[in-house]
Amino acid sequence: MNTTDSQYILNLTQEDYQKATVEVAFLLDAFASTIDNIMGGNTAPVGRIAGRDTASKLPVHLTDPTLDDIIKLLAEQMHAGFDFTLDGTDLLFKSCIIRDMCAVRKIETGGALCRLFHSYFDGIINGLLCRPVKSTINSVGDLCRLQTTVQ
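Below: a short report on this structure. If you're wondering where the values come from, they're calculated on a predicted model, not measured in any experiment.

Conventions and cut-offs
- Residues numbered from 1 in each chain as written.
- Predicted model: local features only at pLDDT ≥ 70, side-chain atom pairs only at ≥ 80, totals over all residues.
- Heavy atoms only, no water.
- Pairing = 2+ DSSP bridges.
- Helix = DSSP H or I, 4+ residues; strand = E, 2+ residues; numbered from the N terminus.
- Axes fitted to C-alpha atoms, helices over the stretch in contact; angles between N-to-C directions.
- Contact = heavy atoms within 4.5 Å.
- Parallel < 35°, antiparallel > 145°, perpendicular 65-115°, else oblique.
- Left-handed = near helix turned anticlockwise from the far one by under 90°.
- Nonpolar A, V, L, I, M, F, W, Y, C, P; charged D, E, K, R; others polar.

Re the sheet that holds strand S1 (residues 82–87)
Spatial strand order, S1-S2-S4-S3: 4 strands in an open sheet with antiparallel pairing. Of all the strands in the sheet, the pair left with one neighbour each is S1 and strand S3 (133–139). Across the sheet, the mean angle separating the axes of adjacent strands is 25° when strand polarity is ignored. With 4 bridges joining them, strand S2 (residues 90–96) and strand S4 (residues 144–150) adopt antiparallel strand pairing. Counted as the bridge partner of Asp90 is Gln147 from S4. Packed on one face of the sheet, helix H5 (residues 112–129) meets S1, S2, S3 and S4 and runs near 145° to S3.

Topic: the packing of helix H4 (residues 97–105) against H5
The N-to-C vectors of H4 and H5 enclose an angle of 165°; their axes lie 10 Å apart at closest approach. One element, H4, and the other, H5, form an angle in the roughly antiparallel class. In this structure, H4 meets H5 at a crossing whose hand is right-handed. Within the contact between the two elements, H4 uses Ile98, Met101 and Cys102 and H5 uses Leu113, Cys114 and Phe117. Classifying every residue of the contact of H4 with H5 gives 6 nonpolar, no polar and no charged.

See below:
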(Lines give C-alpha, C1' and ligand atoms only; values in the text may rest on other atoms or scores of the structure.)
Protein backbone atom coordinates (compact mmCIF):
# COMPACT_ATOMS: atom_id res chain seq x y z
CA MET A 1 0.00 0.00 0.00
CA ASN A 2 1.32 3.38 -0.96
CA THR A 3 0.03 5.91 1.55
CA THR A 4 0.66 8.76 -0.86
CA ASP A 5 -2.08 7.53 -3.18
CA SER A 6 -4.90 10.04 -3.37
CA GLN A 7 -7.46 7.37 -2.44
CA TYR A 8 -6.03 7.35 1.11
CA ILE A 9 -5.99 11.11 1.64
CA LEU A 10 -8.86 12.44 3.72
CA ASN A 11 -10.01 15.95 3.05
CA LEU A 12 -11.41 16.81 6.44
CA THR A 13 -12.88 20.21 7.14
CA GLN A 14 -12.95 22.12 10.41
CA GLU A 15 -16.63 21.13 10.66
CA ASP A 16 -15.62 17.44 10.39
CA TYR A 17 -13.20 17.87 13.28
CA GLN A 18 -15.83 19.68 15.35
CA LYS A 19 -18.36 16.89 14.74
CA ALA A 20 -15.75 14.29 15.68
CA THR A 21 -14.95 16.17 18.89
CA VAL A 22 -18.62 16.25 19.86
CA GLU A 23 -18.98 12.53 19.10
CA VAL A 24 -15.87 11.55 21.08
CA ALA A 25 -16.99 13.69 24.02
CA PHE A 26 -20.41 12.00 23.93
CA LEU A 27 -18.87 8.52 23.85
CA LEU A 28 -16.43 9.27 26.68
CA ASP A 29 -19.24 10.70 28.80
CA ALA A 30 -21.45 7.68 28.09
CA PHE A 31 -18.63 5.25 28.83
CA ALA A 32 -17.60 6.89 32.11
CA SER A 33 -21.21 7.38 33.26
CA THR A 34 -22.08 3.76 32.53
CA ILE A 35 -19.06 2.43 34.41
CA ASP A 36 -19.78 4.84 37.26
CA ASN A 37 -23.39 3.60 37.47
CA ILE A 38 -22.42 -0.08 37.27
CA MET A 39 -19.65 0.29 39.85
CA GLY A 40 -21.67 2.51 42.18
CA GLY A 41 -19.12 5.30 41.89
CA ASN A 42 -16.12 3.09 42.64
CA THR A 43 -14.51 3.17 39.18
CA ALA A 44 -10.90 3.20 40.41
CA PRO A 45 -10.32 -0.57 40.04
CA VAL A 46 -11.60 -0.51 36.44
CA GLY A 47 -9.35 2.42 35.54
CA ARG A 48 -6.30 0.95 37.25
CA ILE A 49 -6.68 -2.43 35.57
CA ALA A 50 -7.02 -0.76 32.16
CA GLY A 51 -4.00 1.44 32.91
CA ARG A 52 -1.79 -1.47 33.92
CA ASP A 53 -2.81 -3.25 30.72
CA THR A 54 -1.86 -0.17 28.69
CA ALA A 55 1.49 0.10 30.50
CA SER A 56 2.33 -3.47 29.55
CA LYS A 57 1.85 -2.57 25.88
CA LEU A 58 3.81 0.67 25.80
CA PRO A 59 6.96 0.47 23.67
CA VAL A 60 9.26 1.54 26.51
CA HIS A 61 11.87 -0.12 28.66
CA LEU A 62 12.75 1.53 31.94
CA THR A 63 15.44 0.39 34.35
CA ASP A 64 14.68 1.28 37.96
CA PRO A 65 12.53 4.32 37.09
CA THR A 66 11.41 7.00 39.53
CA LEU A 67 7.97 8.61 39.54
CA ASP A 68 9.56 11.70 38.00
CA ASP A 69 11.08 9.60 35.17
CA ILE A 70 7.71 8.06 34.40
CA ILE A 71 5.84 11.36 34.47
CA LYS A 72 8.38 12.88 32.05
CA LEU A 73 8.07 9.86 29.74
CA LEU A 74 4.27 9.94 29.80
CA ALA A 75 4.19 13.71 29.30
CA GLU A 76 6.24 13.21 26.14
CA GLN A 77 4.10 10.28 24.95
CA MET A 78 0.80 12.08 25.66
CA HIS A 79 1.74 15.64 24.63
CA ALA A 80 -0.89 15.82 21.88
CA GLY A 81 -3.71 15.95 24.43
CA PHE A 82 -2.10 16.76 27.75
CA ASP A 83 0.44 19.03 29.40
CA PHE A 84 1.33 17.83 32.88
CA THR A 85 4.26 17.94 35.26
CA LEU A 86 5.17 16.66 38.68
CA ASP A 87 5.63 19.29 41.39
CA GLY A 88 6.84 17.40 44.44
CA THR A 89 4.01 14.93 45.01
CA ASP A 90 1.48 17.05 43.12
CA LEU A 91 0.65 16.17 39.55
CA LEU A 92 -0.31 19.36 37.71
CA PHE A 93 -2.42 19.15 34.55
CA LYS A 94 -2.04 22.46 32.72
CA SER A 95 -3.95 21.33 29.65
CA CYS A 96 -6.06 18.22 29.37
CA ILE A 97 -8.16 16.81 26.54
CA ILE A 98 -10.44 15.21 29.14
CA ARG A 99 -11.14 18.68 30.58
CA ASP A 100 -11.93 19.83 27.03
CA MET A 101 -14.31 16.89 26.56
CA CYS A 102 -16.05 17.80 29.83
CA ALA A 103 -16.51 21.35 28.54
CA VAL A 104 -17.99 20.09 25.27
CA ARG A 105 -20.51 17.96 27.19
CA LYS A 106 -21.06 20.65 29.86
CA ILE A 107 -20.29 18.12 32.57
CA GLU A 108 -18.49 18.71 35.83
CA THR A 109 -14.71 18.71 35.70
CA GLY A 110 -13.49 16.37 38.42
CA GLY A 111 -16.53 14.12 38.00
CA ALA A 112 -16.89 10.55 36.77
CA LEU A 113 -14.92 11.01 33.53
CA CYS A 114 -11.99 12.70 35.29
CA ARG A 115 -11.93 10.15 38.10
CA LEU A 116 -11.93 7.27 35.61
CA PHE A 117 -9.14 8.85 33.57
CA HIS A 118 -6.98 9.51 36.64
CA SER A 119 -7.45 5.94 37.88
CA TYR A 120 -6.40 4.81 34.40
CA PHE A 121 -3.39 7.12 34.57
CA ASP A 122 -2.51 5.75 38.03
CA GLY A 123 -2.68 2.25 36.54
CA ILE A 124 -0.22 3.19 33.79
CA ILE A 125 2.20 4.61 36.36
CA ASN A 126 1.68 1.51 38.55
CA GLY A 127 2.47 -0.74 35.59
CA LEU A 128 5.66 1.16 34.73
CA LEU A 129 6.82 1.73 38.31
CA CYS A 130 5.79 -1.71 39.59
CA ARG A 131 4.34 -0.07 42.70
CA PRO A 132 0.78 0.94 43.57
CA VAL A 133 -0.06 4.58 42.86
CA LYS A 134 -3.06 6.57 44.00
CA SER A 135 -3.98 10.09 42.95
CA THR A 136 -6.53 12.28 44.67
CA ILE A 137 -8.00 15.25 42.83
CA ASN A 138 -7.34 18.31 45.03
CA SER A 139 -8.50 21.05 42.66
CA VAL A 140 -9.90 21.39 39.15
CA GLY A 141 -10.15 24.26 36.70
CA ASP A 142 -7.67 25.77 34.26
CA LEU A 143 -5.04 23.90 36.28
CA CYS A 144 -5.93 20.59 37.87
CA ARG A 145 -3.89 19.50 40.88
CA LEU A 146 -3.72 15.91 42.08
CA GLN A 147 -1.94 14.57 45.15
CA THR A 148 -0.05 11.50 43.92
CA THR A 149 1.08 8.86 46.39
CA VAL A 150 3.35 5.91 45.60
CA GLN A 151 3.00 3.06 48.05
